[in-house]
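Tertiary structure, described
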Amino acid sequence: MTADRVYNVLFLCTGNSARSILAESILNAEGKGRFRAYSAGSQPKGEVNPHALKELEVLGYPAIGFRSKSWDEFAEAGAPEMDFIFTVCDSAAGEACPVWIGHPMTAHWGIEDPAAVEGSEVEIGRAFAQAARFLKNRIMSFISLPITSIDKLTLETHLRQIGTMEGASFKQPKAS
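Residues numbered from 1 in each chain as written. Predicted model: local features only at pLDDT ≥ 70, side-chain atom pairs only at ≥ 80, totals over all residues. Heavy atoms only, no water.

To continue, consider unusual backbone geometry. The backbone phi angle of N16 is positive, close to 45 degrees, even though this residue is not glycine. Relative to the helices and strands, N16 is located in the loop between β1 (7-13) and α1 (19-30). Judged by its relative accessible area of 0%, N16 is buried. (Helix = DSSP H or I, 4+ residues; strand = E, 2+ residues; numbered from the N terminus. Buried < 20%, exposed > 50% of the residue type's maximum accessible area, 1.4 Å probe, protein only.)

Given below as structure tokens:
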């Protein structure tokens, strides 16, 4: 890892309509110049959840130009080579992923699906706000890591620990 390049990060979720979109926008804004974020899904819904876009607007993050897409796009020849891949839903974490070019570092940062919340617009909005907050906290922890000056094993440990922060949808197994 060197300081003179931009690192590619892929956020994966099953539908690529909410959590992964939130994470992509937040990292692209907060990590600008150091990180370039992308998002994809194993079974993309085909459209971005409007509540996710609304929450990005409320928080002042870019909310245009997103689309729900398959993770296969990032496993094809000519796709950007990923340095990091984070799953943000438990379903995607358990699925057989494509073979990624370059052997990126991976971690699971699962949070509950705000798109699954039923109720009033206020309750749904609260779920999206909470998901965005949990993702932003993880992203801010990630971008504060001294990735150019720590060894790979230590970095991988930190990436897994970030996934256990407040709001984790399930606790990660402890490394043996």
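Past the structure itself, the notes keep going.
The next point concerns the pattern of salt bridges. Counted under the stated rule, the structure contains five salt bridges. Linking D83 and R5 is a salt bridge whose minimum nitrogen-to-oxygen distance equals 3.0 Å. Of this pair, D83 sits in the loop between α2 (50-59) and β3 (84-87) while R5 sits in the segment before β1; the two residues are 78 residues apart in sequence, bridging distant segments of the chain. Classification of R5 as partly exposed rests on a relative accessible area of 35%. (Salt bridge = Lys/Arg side-chain N within 4 Å of Asp/Glu carboxyl O.)

Right, let's talk about helix α4 (residues 121-143) for a bit. Between its first and last C-alpha, α4 extends 32 Å over 23 residues, near the 33 Å set by a 1.5 Å rise per residue. Three or more residues of α4 are buried, namely I124, A127, F128, A131, A132, F134, L135, R138, I139, F142 and I143. Among the structural elements, β1, α1, β2 (35-41), α2, β3 and α5 (152-162) are those in contact with the buried residues of α4. (Expected span 1.5 Å × (residues − 1). Contact = heavy atoms within 4.5 Å.)

Here the focus is α2. Within α2, burial applies to A52, E55 and L56. One side of α2 holds all its buried residues, which, seen down the axis, span an arc of 100 degrees. In α2, the exposed residues that point more than 90 degrees away from the buried face are P50, K54, E57 and V58. Contacts made by the buried residues of α2 are with α1 and α4. The N-terminus of α2 is capped by N49, whose side-chain oxygen sits 2.7 Å from the backbone nitrogen of H51. Trailing α2 by a residue or two, G60 shows a phi angle of about 85 degrees, which is positive. (Arc of directions from axis to C-beta. Polar contact = N/O pair within 3.5 Å; in protein donor to acceptor, adjacent residues only side chain to side chain.)

The subject of this paragraph is the packing of α1 against α4. When two helices pack together, their arrangement is given by the angle between the helix axes and the distance between those axes. Running from N to C, α1 and α4 cross one another at 45 degrees; their axes reach a closest spacing of 9 Å. By the angle between their directions, the pair α1 and α4 is classed as oblique. Judged by the twist between their axes, the crossing of α1 over α4 is right-handed. Between α1 and α4, the contacting residues are R19, L22, A23, I26, L27 and E30 on the first element and F128, A131, A132, L135, K136, I139, M140, F142 and I143 on the second. Here the residues of the contact of α1 with α4 sort into 12 nonpolar, no polar and three charged. (Axes fitted to C-alpha atoms, helices over the stretch in contact; angles between N-to-C directions. Parallel < 35°, antiparallel > 145°, perpendicular 65-115°, else oblique. Left-handed = near helix turned anticlockwise from the far one by under 90°. Nonpolar A, V, L, I, M, F, W, Y, C, P; charged D, E, K, R; others polar.)

By size, the foremost hydrophobic cluster in this structure holds 40 residues, and its most contacted members are F11, F84 and F142. Counting residues per element, the ones that place at least two in this core are β1, α1, β2, α2, β3, β4 (105-108), α4 and α5. Not counting the four nearest positions on each side in its chain, F11 is found in contact with S20, A23, E24, L27, A37, Y38, S39, A40, F86, V88, W109 and I139. By size, the runner-up hydrophobic cluster in this structure holds eight residues, among which are L12, A40, W71 and I85. (Core = buried A, V, L, I, M, F, W, Y, C linked by side-chain atoms within 4.5 Å.)

With parallel pairing, the four strands of this open sheet are ordered in space as β2-β1-β3-β4. Strands with a single pairing partner mark the edges of an open sheet, and in this sheet they are β2 and β4. Each strand of the sheet is rotated relative to its neighbour by a mean of 20 degrees, with strand direction disregarded. Direction of pairing for β1 relative to β3: parallel, over a ladder of four bridges. When the bridges of β3 are listed, L10 appears paired with I85. (Pairing = 2+ DSSP bridges.)

Purely spatial values, then, with no claim about function.
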